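Structural characterization, general
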Amino acid sequence: MGERWDVRRAGATDASHRVLMIPGALCTTEFYADVMAEPAVAGLGMVAATQPGFGRTEAPANVSMESYARLMADFAAEARCDAVVGHSLGANVALEMAALGLFKGPLVLLSPTFSRGDEERFLTVLNSLGRVPVLGAVAWKALLTLLPRAVKRELPPHRAEALAADMGGHDPAVCRQIVRGYYAYLDRYPSLVPRLCEAGVPAWVVRGDRDAIGLTDAERHGLEACPGVRMVTVSDAGHLLLVDQPAAIAEVIAEAATASVR
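This section reports on the structure supplied with the text. The shown structure was predicted, so the numbers you read here are calculated from the model rather than taken from an experiment.

For the rest of this paragraph, the subject is the environment of Gly 208. Residue placement: Gly 208 occurs in strand S6 (residues 203–208). Since its relative accessible area comes to 6%, Gly 208 is described here as buried. Gly 208 sits 31 residues away from His 239 along the chain, and the two C-alpha atoms are 6.3 Å apart. If we skip the residues at most four places from it in the chain, Gly 208 touches Val 234, Ala 237, Gly 238 and Leu 241.

Let us look at the pairing of S6. Counting buried residues in S6 gives six out of six residues, a clear majority hidden from the surface. Pairing analysis gives four bridges linking strand S5 (residues 107–110) to S6, with the strands arranged parallel. Residue pairing in the sheet places Leu 110 in a bridge with Val 206 of S6. In the classification by handedness, the crossover that spans S6, the intervening helix H9 (residues 217–225) and the parallel strand S7 (residues 229–234) is right-handed.

Considering only enclosed or pocket space, the largest pocket measures out at about 630 Å³ in volume. Glu 120, Phe 122, Met 167, His 239 and Leu 240 are, among the 30 residues lining the largest pocket, the residues nearest its centre. Elements that contribute at least two residues to the lining of the largest pocket include exactly helix H4 (121–129), helix H5 (135–151) and helix H7 (172–188). Tallied by class, residues from the lining of the largest pocket come to 17 nonpolar, seven polar and six charged. As a volume, the second largest pocket reaches approximately 180 Å³. In terms of lining, the second largest pocket is formed by 12 residues, of which the most central are Asp 6, Thr 28, Gly 55, Arg 56 and Asp 166.

Definitions and limits used
Residues numbered from 1 in each chain as written. Predicted model: local features only at pLDDT ≥ 70, side-chain atom pairs only at ≥ 80, totals over all residues. Heavy atoms only, no water. Helix = DSSP H or I, 4+ residues; strand = E, 2+ residues; numbered from the N terminus. Buried < 20%, exposed > 50% of the residue type's maximum accessible area, 1.4 Å probe, protein only. Contact = heavy atoms within 4.5 Å. Pairing = 2+ DSSP bridges. Right-handed = clockwise from strand over helix to strand, strands pointing away. 1 Å grid on protein atoms, 1.4 Å probe; cavity = no way out; pocket = protein on both sides within 12 Å on 5 of 7 lines; lining within 4 Å. Points joined across faces, edges and corners; volume = space filled by probe spheres on them. Nonpolar A, V, L, I, M, F, W, Y, C, P; charged D, E, K, R; others polar.

Encoded structure:
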């Protein structure tokens, strides 16, 4: 590793609206390639940026969620983005950007996690193992070795090879630290629903109809009661809904981006 940023750009260079797209954990800008190629977003300026620490990028000294929110908010300002899209861990970073008052524009949150109990069990177990000396390092190395083969079954056939390979090219030690910081963040908030609602920004919460990330009834009711939040369910899509149904995601992004008032 050693690069500071992995950035992918697409769309109109003179666009009225510019969108920052933040990939999830163990993902890079490659995961937004299909969405960025959709006609619905062709009129937008799009900038996808891998969170530093994933892929071949260099991790920041502070890998807390709050630190990532500040880092990505600074990037959004420099790139003149007035809307933010985040997937999975990237969605939670986007949520935190708004909650800390660092970003005031519309958010598209693709499969965010609103509480620790919503997270996939395997990641929770891996985070616990990661705290054990020696065993933690072995567990993370094994995951990143096996992940490309395992994830292929969940990816569109024409993109499976490229995306699966992309998910294996990470530093196990860095991933271990980032996930530990993520769980520490979830432990600070019993539910992130109030945090999103109190941020006061327009937000589209988008989930696949077979998403592995949970959402409790209380969380759903809280989101539905929040005036600034719109809930969207994408058919025939799992947690990787941005590669399962890129056209549907592009439509939501176009709607959210043009709602910007900045």
